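# Coordinate inspection notes
Take a look at the letters that make up each chain.
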Amino acid sequence: MIIIFIPRIIAAFTLTASNRYMHHKMYRLMAFIFQKELSGKWIFLFSGVFIFLYFWQFVLKKKEKPPEKARDRILDHVALKGLRGIGGTAVLVVIVLNAGLFIDGIANEPKGPNVVFVCIETLRSDHLGSYGYNRNTSPFIDQLAEESVIFERAYATSSWTLPSVHSMMTSLYQSSHGVINENHRLDPSFNTFAELMKNRGYQTSGFIAAPFLETFYGFNQGYDLYDESLSSSEHPLSHKSITSPELTKSVISWLRENHKRKFFLFLQFWDPHYDYIPPPPYDTQFDPDYSGDIDGTEIEGSQKINPRMNPRDLEHLLALYDGEIRWTDMHFGKIIEALRTMGLFEDTILVVVGDHGDEFLDHGGSTHKKTLYDEVIHVPLIIKIPRTRESPRITTAVSTVDILPTVLDLLKMKPPAAIDGTSLIGILRGQETRRPEHVYSELAPNLTASIGSQWKAIFNSDINTFELFDVKNDPQERMNKIVAPDKGGKDEINNLKNRLRRRVPFNAPRIEKNEWLEKKLKSLGYIK
Ligand SMILES: [Zn+2]
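Residues numbered from 1 in each chain as written. Predicted model: local features only at pLDDT ≥ 70, side-chain atom pairs only at ≥ 80, totals over all residues.

### Points about the overall build of the chain
Basically, it comes down to this: Under the scheme used here, helices are H or I runs from DSSP no shorter than 4 residues and strands are E runs no shorter than 2 residues, and both carry numbers assigned from the N terminus. Neighbour density around each residue's C-beta defines its exposure: 20 or more other C-beta atoms within 10 Å make it buried, 12 or fewer make it exposed, and counts between make it partly exposed, where C-beta atoms are placed from the backbone. Two residues qualify as being in contact provided that their C-beta atoms, derived from the backbone, are within 7 Å of each other.
Counting secondary structure elements, the chain contains 16 helices and 14 strands. Going through the 528 residues of the chain one by one, you find that 41% of them count as buried. Taking contacts inside the chain between residues at least 6 apart in sequence as the whole, the part at least 24 apart equals 67%.

Below is the structure:
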């Protein structure tokens, strides 16, 4: 603590020791600096310009009277005439202040591990080897899972990207952060994951490759670097884009240049999202003999995918989706390899999560953002804790809002006060926890689900109807038990009713009309 404050005390002392006029000005500057509203590079830039302009006057003023004061004569003698008088004192103050800030920066360097947060688009948990899938879709994720905590029942807070990822980044359910559709952005008053890490002294970087995670929606809040070049107007993204190679390249080159300072790194792989068009050899890996006309394109609004379709075609569609996962997993493996090569793997908390799943006629439909059945909200969640080799499998229902407080707990950081998530470390350690027994998922404007240890209830406000599933014994949600629920089922329904009654939806700021965005959403088929 003393080490942190010594440079500040030196800086403050130097400032107050200078003349009154400078004192007043510099005191304000100091307050400005220590509120940390300006990043270090701006302070250095500002100071650099100030010092340059000061010394420049001596270049312009070539002829001067000889100095009268002895101190100034000495400074002249040692070729430091720029440091004499009031201006010279100010320059010295700035130099000392910068030195103080520099030492302050070193003293504030976080001691905890790095954090790498990997979000994979449209990833169903039941299509990963580590979650029991029969195809080898995820060898690299599975390898990580062997030395990580596996949350077998993790739920996304919604069945599409925008609200779901905001929930992970704020630990707030959709109704709490209020970004319920593409007309809203995150209210800047919320603390984001990146912001909390930045305030702790981490460098924060985000790399995204998908629509809905742009600065436009407030996702850049708290990042020193937020690279959305794979999702910008210069690089019009469509469902046909394949972005994992470029994303992986950017992330690895960033790691190479920046890994010496502690970091929080967020990256989002896009490719498992439809269209299902994995590059060779992954396009034929899981179904080499198919000869029909399903090619994985034009999925949005496709009439081809319907309950009457040829089962062989559906089988092929799933093989293509699995190929996308295998392709993405290969790139994920490259990032893990880079972390190992740079000696960072052991000292890094790694989170791997899906933002939602996808439906393949499980309940008669396709894609996502339509229902809250498990195929679209039951996601993989794997957390690697530094320097452990244990891989417990946790069967408690957890939510992606729990990720943020869990990571903060591992870093011994306090979570923000008003969040919906709770740390999962207590469960891991087998300790009694006060975490809620139910987690929630929401899809505006009409669907809300409550998920407990055995039951899952879904309310549809459009038709004022509940559905109830015994997800422990019927994980595919085939049998709606709403007509004759047992006690556990009734409790789940009552819990959901309470939630609906108590929930106070937050009104997130609306975004202004944006022609580029409209064009992009239209090209993606999200709006008509
Ligand atoms: Zn998504």
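### Observations regarding the pairing of strand E9 (residues 378-384)
To keep things clear, this is the line we draw: Note: two strands are recorded as paired if DSSP finds a minimum of 2 bridges between them.
Here E9 lies mainly inside the structure; seven of its seven residues are buried. Of the two faces of E9, both are covered, the one formed by His 378, Pro 380, Ile 382 and Lys 384 as well as the one formed by Val 379, Leu 381 and Ile 383. Note that strand E6 (residues 348-354) and E9 share four bridges and pair antiparallel. Note that in E9 the partner of Val 352 across the bridge is Ile 382.

### Some words on the environment of Thr 388
As for its placement among the helices and strands, Thr 388 is situated in the loop between E9 and strand E10 (393-399). For Thr 388, a count of 13 C-beta atoms within 10 Å gives the class partly exposed.

### Here we look at the sheet that holds E9
To keep it simple, the criterion reads: To obtain an axis, a line is fitted to C-alpha atoms, over the contacting stretch when the element is a helix, and the angle between two such axes runs from 0 to 180 degrees between their N-to-C directions.
An order of E4-E3-E5-E1-E6-E9-E2-E10 is seen for the eight strands of this open sheet, with the pairing classed as mixed. Strands with a single pairing partner mark the edges of an open sheet, and in this sheet they are strand E4 (225-227) and E10. For this sheet, the mean angle separating the axes of adjacent strands, direction not counted, is 15°. By the bridge criterion, five bridges tie strand E3 (residues 203-207) to strand E5 (residues 263-269) in an arrangement that is parallel. Counterpart to Ser 205 in the pairing with E5 is Leu 265. Those strands touched by helix H13 (residues 403-410) are strand E1 (114-120), E6 and E9, and its axis lies near 170° from that of E6.

### Details of the nonpolar core
Where we set the bar: What makes a nonpolar core is a set of buried Ala, Val, Leu, Ile, Met, Phe, Trp, Tyr and Cys residues, with links drawn between C-beta atoms within 7 Å.
Counting 106 residues, the largest nonpolar core has Phe 117, Val 118, Val 351, Val 352, Val 353, Leu 381 and Ile 382 as the members making the most contacts within it. When residues in this core are grouped by element, the largest group, nine residues, is from helix H11 (residues 311-341).

### Details of unusual backbone geometry
In the segment running from Pro 280 into Pro 281, the intervening peptide bond is cis, with an omega of 5°. Here Pro 281 is to be found in the loop between E5 and H11. A cis amide bond links Ala 444 to the next residue, Pro 445, at an omega of 5°. With respect to the element layout, Pro 445 can be found in the loop between strand E11 (439-443) and strand E12 (447-451). Located in the positive-phi region is Thr 367, a residue other than glycine, with phi close to 60°.

### Regarding the packing of helix H10 (residues 244-258) against H11
A pair of packed helices is captured by two measures, namely the crossing angle of their axes and the spacing between those axes. Rule in force here: Just so you know how the angles are binned, under 35 degrees is roughly parallel, over 145 roughly antiparallel, 65 to 115 roughly perpendicular, and the rest oblique.
For the pair H10 and H11, interaxial distance at closest approach is 10 Å and the crossing angle is 10°. Classified by the interaxial angle, the pair formed by H10 and H11 is roughly parallel. On the side of H10, the interface is formed by Ser 244, Pro 245, Thr 248, Val 251, Ile 252 and Leu 255, while H11 contributes Trp 327, Thr 328, His 331, Lys 334, Ile 335 and Ala 338.

### Some points on the sheet that holds strand E14 (residues 465-470)
Spatial strand order, E11-E12-E13-E14: four strands in an open sheet with antiparallel pairing. Of all strands in the sheet, those bounded by a partner on one side alone are E11 and E14. Ignoring which end each strand starts from, the neighbouring axes of this sheet average 15° apart. One ladder, built from six bridges, connects strand E13 (residues 455-460) with E14; its direction is antiparallel. The residue of E14 that forms the bridge with Lys 456 is Phe 469. Seen against the sheet, helix H15 (residues 487-502) touches E11, E12, E13 and E14 and runs at an angle of roughly 45° to E13.

### Here we look at H10
Put simply, the rule is: Helices are assigned an expected span. That span is 1.5 Å times one less than the residue count. The directions from the helix axis to the C-beta atoms form the arc being described.
Taking 1.5 Å as the rise per residue, H10 with 15 residues should run 21 Å; its terminal C-alpha atoms sit 21 Å apart, in good agreement. Residues of H10 that are buried: Ser 244, Leu 247, Thr 248, Val 251 and Leu 255. Taken around the axis of H10, the buried residues stretch over an arc of 95°, which confines them to a single face. Every exposed residue of H10 that faces more than 90 degrees away from the buried side is listed here: Lys 249, Ser 253, Arg 256 and Glu 257.

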